[in-house]
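Below, each chain spelled out in residue letters.
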Amino acid sequence: MDNWDEIRTAYQVARLGTVSGAADVLGVHHATVIRHIDALERRLGVKLFQRHTRGYTATEAGQDLLRVAQATDDQFSQLSARIKGRGNEVSGELVVTTIGGLSQLLVPILAEFQEAYPDVELRYLTSARLFRLEYGEAHVAIRAGSPPQQPDNVVQPFLRLRSAIYGSKDYIARNGMPEIPGKMAGHRFVGMDDPTSRAPFAQWMRENIPAHQVVFRSGDPRANRQAVLSGVGMGFLGTYELENNSDMVEVHPPLDEWDSRLWLVTHMDLHRTTKVQAFLNFLKDHTAHMRDAHR
């Protein structure tokens, strides 16, 4: 088992099921893939694949090889990501991941960071799934909710975002100012399209706003924000989003129970690297006014 190229080839064939697919991923000719498979099977003395017209299917021995090779490939990817993150230069790829809906807050800061460090190539990933920092999928994660508990991560408190209920001036002119909670009959609301959302304001809305009055729902925070701005109905928006917006009316002021906590998360192996520290310090400096306002 001393030829990683052959093992990696077998792994890709087992994963994809075809020689041509493995050849494309590995960037080699399909004849090279077949030669690697044949050589590995001769060396091991077992058949790793059943050949058929639709492609290659891993045998039991092939499945065993797939599991070991996948773990090894993951470890190599992890090592590569960590090596790339080291060094004394603030340059190269920087991957930042966070929940959706924070672009209005973060993208201007990211733009200023890139202006200060023009050799950095930024990737800004927003997804509901948690990117695995231990496998190098991201350098910095900005996560919401309870403090993340992964043992190999460095977790720092970042921001407490305040939310209030807003309506557009046009909406209030058409429907009047409601009393919340209280006289809400006939009023329309914008909400999240996730009945299990643990966001504090989403839980409050489920408990206090009749479902038939939530006339616009979306899993995209940007769509919900635009719906409120467009007068579709009233809804929760971050106070930071509307600091200079004169077209919106605060229907209900922020409550502590509606606050969302944000955390900065980095992997311990990359936390002290020059690039990651430069970004964390820049991010904290450019949001200090928001933290000061909540003290």
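Remember, it's a predicted structure, so these values are computed and weren't measured experimentally.

### Regarding the nonpolar core
F113, I142, L161, F279 and L283 are the most contacted members of the largest nonpolar core, which has 25 residues in total. Elements with a contribution of two residues or more to this core: β3 (92-98), α5 (103-116), β5 (140-144), β6 (153-161), β12 (260-267) and α9 (274-285). Counting residues per element, this core draws most heavily on α9, which supplies six residues. Filtering out sequence-adjacent residues up to four positions away, L283 remains in contact with L106, I109, I142, F158 and L264. Ranked by size, the runner-up nonpolar core spans 18 residues in total, among them I7, Y11, I37 and L48.

### Focus: the packing of α5 against α9
Between two packed helices, both the angle of their axes relative to each other and the distance between the axes serve to describe the pair. Interaxial distance between α5 and α9 falls to 10 Å at its minimum, and their mutual angle equals 130 degrees. With respect to α9, the axis of α5 lies oblique. Like other packed secondary-structure pairs, α5 and α9 cross with a definite hand, here right-handed. Along its contact with α5, which presents L106, I109, L110, E112, F113 and A116, the element α9 presents A278, F279, F282 and L283. Across the contact of α5 with α9, the residue classes break down as nine nonpolar, no polar and one charged.

### Looking at the pairing of strand β8 (residues 189-192)
Here β8 runs beside strand β9 (residues 214-218); their pairing, made up of four bridges, is parallel. If you follow V190 over to β9, its bridge partner there is F216. The β-α-β motif built from β8, the intervening helix α7 (residues 200-208) and the parallel element β9 has right-handed crossover chirality.

### Considerations on the environment of G55
Along the chain, G55 turns up in strand β2 (residues 55-58). The class of G55 is buried, set by a relative accessible area of 11%. Separated by 42 residues in sequence, G55 and V13 place their C-alpha atoms 9.0 Å apart.

### Quick notes on the sheet that holds strand β7 (residues 163-168)
On the basis of which strands lie adjacent, the open sheet formed by three strands has the order β10-β7-β11 and antiparallel pairing. Looking at strand neighbours, the two that pair on one side only are β10 (235-238) and β11 (248-252), the edges of this open sheet. Each strand axis lies, on average, 55 degrees off the axis of its neighbour in the sheet, ignoring direction. As judged from the four bridges shared by β7 and β11, these two strands associate in the antiparallel manner. Bridge pairing in β11 links S168 to M248.

### Some details on the sheet that holds β3
Here we have five strands laid out as an open sheet, ordered β4-β3-β5-β12-β6, and mixed in their pairing. The open sheet has two edge strands, β4 (120-126) and β6, and neither has a second partner. In this sheet, adjacent strand axes meet at a mean angle of 20 degrees when their direction is disregarded. When β6 meets β12, the two strands line up antiparallel, connected through seven bridges. By the bridge assignment for β12, R160 is matched with R261. In the packing of α5 onto the sheet, the strands contacted are β3, β4, β5 and β6, and the crossing angle to β4 comes to about 170 degrees.

Conventions used here
- Each residue is numbered by its place in its chain's sequence as written, counting from 1.
- Note on the predicted model: pLDDT of at least 70 is required for a residue's local features to be given, and 80 or more for side-chain atom pairs to be given and counted; whole-chain, interface and lining totals, by contrast, use all residues.
- For side-chain calculations, the full set of non-hydrogen atoms in the structure is used, while hydrogens and water are omitted.
- The criterion is simple. A nonpolar core is a set of buried Ala, Val, Leu, Ile, Met, Phe, Trp, Tyr and Cys residues joined through side-chain atoms within 4.5 Å.
- Relative accessible area decides the class of each residue, using a 1.4 Å probe on protein chains only: under 20% of the type maximum gives buried, over 50% gives exposed, and in between gives partly exposed.
- Only runs of H or I of at least four residues qualify as helices and only runs of E of at least two qualify as strands under DSSP, and these elements are numbered from the N terminus.
- It only takes one pair of heavy atoms within 4.5 Å for two residues to be counted as in contact.
- Lines are fitted to the C-alpha atoms to define the axes, a helix being fitted only along its stretch in contact, and any angle between axes, read from their N-to-C directions, falls within 0 to 180 degrees.
- If an angle is under 35 degrees, it is roughly parallel; if it is over 145, roughly antiparallel; if it lies from 65 to 115, roughly perpendicular; otherwise it is oblique.
- Here a crossing is called left-handed whenever its near helix is offset anticlockwise from the far helix by less than a right angle, and right-handed whenever the offset is clockwise.
- Residues are sorted three ways: Asp, Glu, Lys and Arg are charged, Ala, Val, Leu, Ile, Met, Phe, Trp, Tyr, Cys and Pro are nonpolar, and all the rest, Gly among them, are polar.
- Strands pair, by our definition, only if DSSP identifies at least two bridges between them.
- Think of it like this: strands point away, you trace from the first strand over the helix to the second, and a clockwise trace means the crossover is right-handed.

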